[in-house]
Amino acid sequence: LTSGEVDDPQFAELIESMRESGQQVPILVRPHPDQEGRFQVAYGHRRLRAAQALGLEVKALVRPLTDDELVVAQGKENAERRNLSFIERALFAKTLAARGFDRKLIGDALAVQKSELSRLLQVADGLPDLVVRAIGPAPKAGRDRWMKMVELLSAKSADDAAREEIARETFRTA
C-alpha cells in the first residue's frame, strides 16, 4: 500500500542500510515453473527492489517450492519483517483467495484462525480498492474501524461519497 521510494520511510532506510553495508540477508527464490532459467521471488521483494535501485547484484537462496510452500513462506516472511496492518493482511488474504488457494492455506500463511480470516476477507471484499489504496496501510486503524467502514460503505450513496472524499485535495494532503 506504499509506493516504495515515494512514501515508505522504511524502504528508504533499507536502501541506505544496503548502501552502507550491502545485502546482509539473501532473498528466497524458486525456479520459475514455466520459464526455464528464470526465477520467482518467494520473499525478499523489498531487498530485491533496493538492490536494483543501488545497482547491486542480489544474493539469493534457490529452493524448489510448491505454490503452497511459496505462499506460506511469503506470509511468514511478511509477518516477521514487520507488523502488517489489518488492511495489509486483508489484501494479502484476498489476493491469495483470488488465486485459488484454499482458506486453510491462507490462514496458515497469515497465522490466523478461521474466524479472523473471515473478517479479513469480509473487509477486503467489502471495500473498494480505490478507497483502500487512498487510505494506505493505516497501521493504527485496527480491525474494528475497517469493519465499520465496510458497514458504512455498503450503501451506494456512501460509496459515491467516499470516492468524492478521496478525490479532494484536503484528503490527499492529510
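Structure's up top.
Everything quoted here is computed from the prediction, not taken from an experiment.

Moving on, we come to the overall build of the chain. Helix and strand content of the chain: 10 helices and three strands. For the chain, the succession of helices and strands along the chain, N to C, is α-β-β-α-β-α-α-α-α-α-α-α-α. Considering the chain as a whole, with its 174 residues, one finds that 36% of them fall into the buried category. Taking the contacts inside the chain whose residues are at least 6 apart along the sequence as the reference set, 63% of them involve residues at least 24 apart. Element-wise, carbon and sulfur atoms account for 50% of the exposed surface of the chain, whose accessible area totals about 11000 Å².

Of all hydrophobic cores here, the largest spans 28 residues; its most connected members are Ile 87, Leu 110 and Leu 127. Among the elements that take part in this core, helix H4 (residues 86-98) stands out by supplying seven residues, more than any other. Leave out the neighbours within four places in its chain, and Leu 127 touches Ile 87, Val 132, Trp 146, Met 149, Val 150 and Leu 153.

Quick look at the packing of aromatic side chains now. Tallied over the entire structure, the rule returns zero aromatic pairs. Over the face of the ring belonging to Phe 11 we find Arg 49, whose NZ or CZ atom lies 4.6 Å from the ring centre.

Before going further, it helps to spend a moment on the sheet that holds strand E2 (residues 39-43). Here three strands make up an open sheet; going across it, the order is E2-E1-E3 and the pairing mixed. Two strands close off the open sheet at either side, each with one partner strand: E2 and strand E3 (60-62). Put simply, the sheet's adjacent strands are angled 35 degrees from each other on average, direction ignored. Where strand E1 (residues 27-31) and E3 come together, three bridges link them in parallel fashion. The partner of Val 29 across the bridge, within E3, is Val 62. Docked against the sheet, helix H2 (residues 45-54) engages E1 and E2, running at close to 120 degrees with respect to E2.

Considered for burial, the residues of helix H5 (residues 103-110) that qualify are Leu 105, Ile 106, Gly 107, Ala 109 and Leu 110. The backbone nitrogen of Lys 104 lies 3.1 Å from a side-chain oxygen of the residue at the head of H5, namely Asp 102. Just beyond H5, the residue with positive phi is Ala 111, at close to 55 degrees.

The backbone of Ala 111 sits at a positive phi, close to 55 degrees, despite the residue not being glycine. Looking at where Ala 111 falls in the secondary structure, it is placed in the loop between H5 and helix H6 (114-126).

Right, let's talk about the pattern of salt bridges for a bit. Counting across every chain of the model gives 11 salt bridges. Across the salt bridge formed by Asp 129 and Arg 133, the nearest N and O atoms sit 3.2 Å from each other. One end of the pair is Asp 129 and the other is Arg 133, both in helix H7 (residues 129-135) and four residues apart, which spans about a single turn. When its relative accessible area of 40% is taken as the criterion, Asp 129 is described as partly exposed. Note that Glu 169 and Arg 172 form a salt bridge whose closest N and O atoms lie 2.9 Å from each other. Highlighted residues: Glu 169 and Arg 172, both in helix H10 (residues 169-173), separated by three residues, approximately one helical turn. Overlapping salt bridges, with partners in common, bring together Arg 89, Glu 116, Arg 119, Arg 143 and Asp 144 in one network.

Our next topic: the environment of Leu 121. Within the secondary structure layout, Leu 121 lies in helix H6. In this structure, the C-alpha to C-alpha distance between Leu 121 and Leu 91, residues 30 residues apart in sequence, is 7.8 Å. Not counting the four nearest positions on each side in its chain, Leu 121 is found in contact with Ala 93, Lys 94, Ala 97 and Arg 103.

What follows covers the pairing of E1. With respect to burial, E1 is a largely interior element, four of its five residues being buried. Two elements, E1 and E2, share four bridges in a ladder whose sense is antiparallel. When the bridges of E2 are listed, Leu 28 appears paired with Tyr 43.

Reading guide: rules and limits
Residues numbered from 1 in each chain as written. Predicted model: local features only at pLDDT ≥ 70, side-chain atom pairs only at ≥ 80, totals over all residues. Heavy atoms only, no water. Helix = DSSP H or I, 4+ residues; strand = E, 2+ residues; numbered from the N terminus. Buried < 20%, exposed > 50% of the residue type's maximum accessible area, 1.4 Å probe, protein only. Contact = heavy atoms within 4.5 Å. Areas by Shrake-Rupley, 256 points an atom, 1.4 Å probe, with all protein chains shown as cover. Core = buried A, V, L, I, M, F, W, Y, C linked by side-chain atoms within 4.5 Å. Phe/Tyr/Trp six-rings, centres within 6.5 Å; stacked < 30°, edge-to-face > 60°. Lys NZ or Arg CZ within 6 Å of the ring centre and 35° of its normal. Pairing = 2+ DSSP bridges. Axes fitted to C-alpha atoms, helices over the stretch in contact; angles between N-to-C directions. Polar contact = N/O pair within 3.5 Å; in protein donor to acceptor, adjacent residues only side chain to side chain. Salt bridge = Lys/Arg side-chain N within 4 Å of Asp/Glu carboxyl O.

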